[in-house]
Amino acid sequence: NICIVLNPICRCAVPLFFMMSGYLLLSDRRTEEIKPFYREKLPRLLIPLLCWNVIFFLYFASVGEKERSFSAFFGGLVNNGNCYHMWYVYTLIGIYLLAPFLRRMTEKLSAGELFLLLAVLLTLCSVQPFLNIVQPVHIHLSDPLMDGYVCYFLLGYLLGNFTISKKMRILIYLGGIVGFAISVGGNTAFCSEEKIDLVFNNGYAITHFLIASAV
């Protein structure tokens, strides 16, 4: 029960990092310059990523959890890393590759247009998968246009760069409370003595967007 209650809060830690990155990078004019941006930012991710892949692979190979071969190392390197938590950096690399283009989009689009873009992405990566869980008919309208974490990236920019009225702030905070309540209630409802099924544990769950926005 404690895990079910704390889970929605803990799961919002990573989205908050993506949101802060979106706010900082998409607010910076230097992000528009594709080659300088790639030249400066990508080595900062790729070099440490390679080094830590080597370190983790050598450790797991030494304790017998990985095969000692180049193919095993390379397989982990190109598949979210040689340790489970490294997926974050791989996702961040993908977002950094998109950042110059997203920056140019955010400069040209109004707040309403950006919100509409976010709504489209959320429908595909968050709402549609949830509907496929709670109803018998499977919906497959379209594959996600982008990885769902791009939504957090854009959301951070929106919340940080546009004036938010007092009324809207209250709605955002209420949304966070509702999102938390739904996460706890929904996960509790889907769990049983035989199985812990955290349906709202998905990183793209709409409730996580609500909680992260409020935080």
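Analysis parameters
Residues numbered from 1 in each chain as written. Predicted model: local features only at pLDDT ≥ 70, side-chain atom pairs only at ≥ 80, totals over all residues. Heavy atoms only, no water. Helix = DSSP H or I, 4+ residues; strand = E, 2+ residues; numbered from the N terminus. Buried < 20%, exposed > 50% of the residue type's maximum accessible area, 1.4 Å probe, protein only. Contact = heavy atoms within 4.5 Å. Areas by Shrake-Rupley, 256 points an atom, 1.4 Å probe, with all protein chains shown as cover. pLDDT = per-residue confidence, 0-100. Salt bridge = Lys/Arg side-chain N within 4 Å of Asp/Glu carboxyl O. Axes fitted to C-alpha atoms, helices over the stretch in contact; angles between N-to-C directions. Left-handed = near helix turned anticlockwise from the far one by under 90°. Nonpolar A, V, L, I, M, F, W, Y, C, P; charged D, E, K, R; others polar. Core = buried A, V, L, I, M, F, W, Y, C linked by side-chain atoms within 4.5 Å. Expected span 1.5 Å × (residues − 1). Bend = angle between axes of the 7 residues up to and from the residue. Phe/Tyr/Trp six-rings, centres within 6.5 Å; stacked < 30°, edge-to-face > 60°.

### Some details on the overall build of the protein chain
For the protein chain, the helix and strand inventory stands at 9 helices and 0 strands. Listing the helices and strands of the protein chain from first to last along the sequence gives α-α-α-α-α-α-α-α-α. Taken along the three principal axes of its C-alpha coordinates, the protein chain extends 55 × 55 × 35 Å. Sorting the 215 residues of the protein chain into buried and exposed places 38% on the buried side. The contacts in the protein chain between residues at least 6 apart in sequence include a share of 74% that link residues at least 24 apart. When the accessible surface of the protein chain is split by element, carbon and sulfur atoms take 67% of a total near 13,000 Å².

### Observations concerning the confidence of the model for the protein chain
Per-residue pLDDT for the protein chain has a mean of 85; in total, 94% of the residues score no lower than 70. When mean pLDDT is compared element by element in the protein chain, helix α3 (residues 34-62) scores highest at 94, while helix α1 (residues 2-10) scores lowest at 69.

### A look at helix α9 (residues 206-214)
Most of α9 sits out of view: 7 of its 9 residues are buried. For α9, the complete set of buried residues consists of Thr207, His208, Phe209, Ile211, Ala212, Ser213 and Ala214.

### Observations regarding the side chain of His208
Tracing the backbone shows His208 in helix α9. If sequence neighbours within four positions are ignored, His208 has contacts with Pro8, Arg11, Cys12, Tyr152, Phe200, Asn201, Asn202 and Gly203.

### Regarding the pattern of salt bridges
Scanning all chains against the criterion turns up 5 salt bridges. Two residues, Asp28 and Arg30, come together in a salt bridge whose shortest N-O distance is 2.8 Å. The exposure class assigned to Asp28 is partly exposed, which follows from its relative accessible area of 22%. Ionic pairing is found between Arg103 and Glu107, a salt bridge with its closest N-O pair at 3.4 Å. Here the residue Arg103 and the residue Glu107 both occupy positions in helix α5 (residues 87-108), the gap between them amounting to 4 residues, near one helical turn. Residues joined by salt bridges that share partners form a network here, namely Arg29, Glu32, Arg103 and Glu107.

### Things to note about the packing of helix α7 (residues 149-161) against α9
When two helices pack together, their arrangement is captured by the angle between the axes and the distance separating the axes. Direction vectors running N to C along α7 and α9 enclose 30 degrees, while the axes themselves pass 11 Å from each other. Note that α7 runs across α9; the crossing there is right-handed. Here α7 contributes Cys151, Tyr152, Leu155 and Leu159 to the contact with α9, which in turn contributes His208, Phe209, Ala212 and Ser213. Here the contact of α7 with α9 is composed, by residue class, of 6 nonpolar, 2 polar and no charged.

### As for the nonpolar core
Counting residues in each nonpolar core, the largest one holds 42 residues, and the members touching the most others are Tyr96, Leu118, Cys151, Tyr152, Phe153 and Leu154. Looking at this core, the elements that each hand over two or more residues are α2 (13-26), α3, α4 (70-77), α5, α6 (111-134), α7 and α9. The residues contacting Tyr96, other than those within four sequence positions of it, are Leu25, Phe37, Tyr38, Lys41, Leu42 and Leu45.

### Some details on α5
Along its 22 residues, α5 runs 31 Å from first to last C-alpha, staying within 8% of the 32 Å computed at 1.5 Å per residue. Maximal helix bending in α5 amounts to about 45 degrees, located at Ala99; proline Pro100 follows within four positions. Looking only at α5, the buried set comprises Tyr90, Thr91, Leu92, Ile93, Ile95, Tyr96, Ala99, Pro100, Leu102, Arg103 and Thr106. Elements that come into contact with the buried residues of α5 comprise α2, α3, α4, α6 and α7.

### Section: the packing of aromatic side chains
Throughout the structure, instances matching the rule amount to 12 aromatic pairs. Centre to centre, the rings of Tyr59 and Phe60 are 5.2 Å apart; their planes meet at 65 degrees, and the pair counts as edge-to-face. When its relative accessible area of 15% is taken as the criterion, Phe60 is described as buried. With 5.9 Å between their ring centres and 20 degrees between their planes, Phe70 and Phe74 make a pair best called stacked. Taken together, the residues span about one helical turn, with Phe70 and Phe74 both in helix α4 at a distance of 4 residues. For Phe70, a relative accessible area of 62% puts it in the exposed group. Residue Phe74 is classed as partly exposed on the basis of its relative accessible area of 42%. Feature note: the residues Trp52, Phe56, Tyr59 and Phe60 constitute an aromatic cluster, connected by ring pairs.

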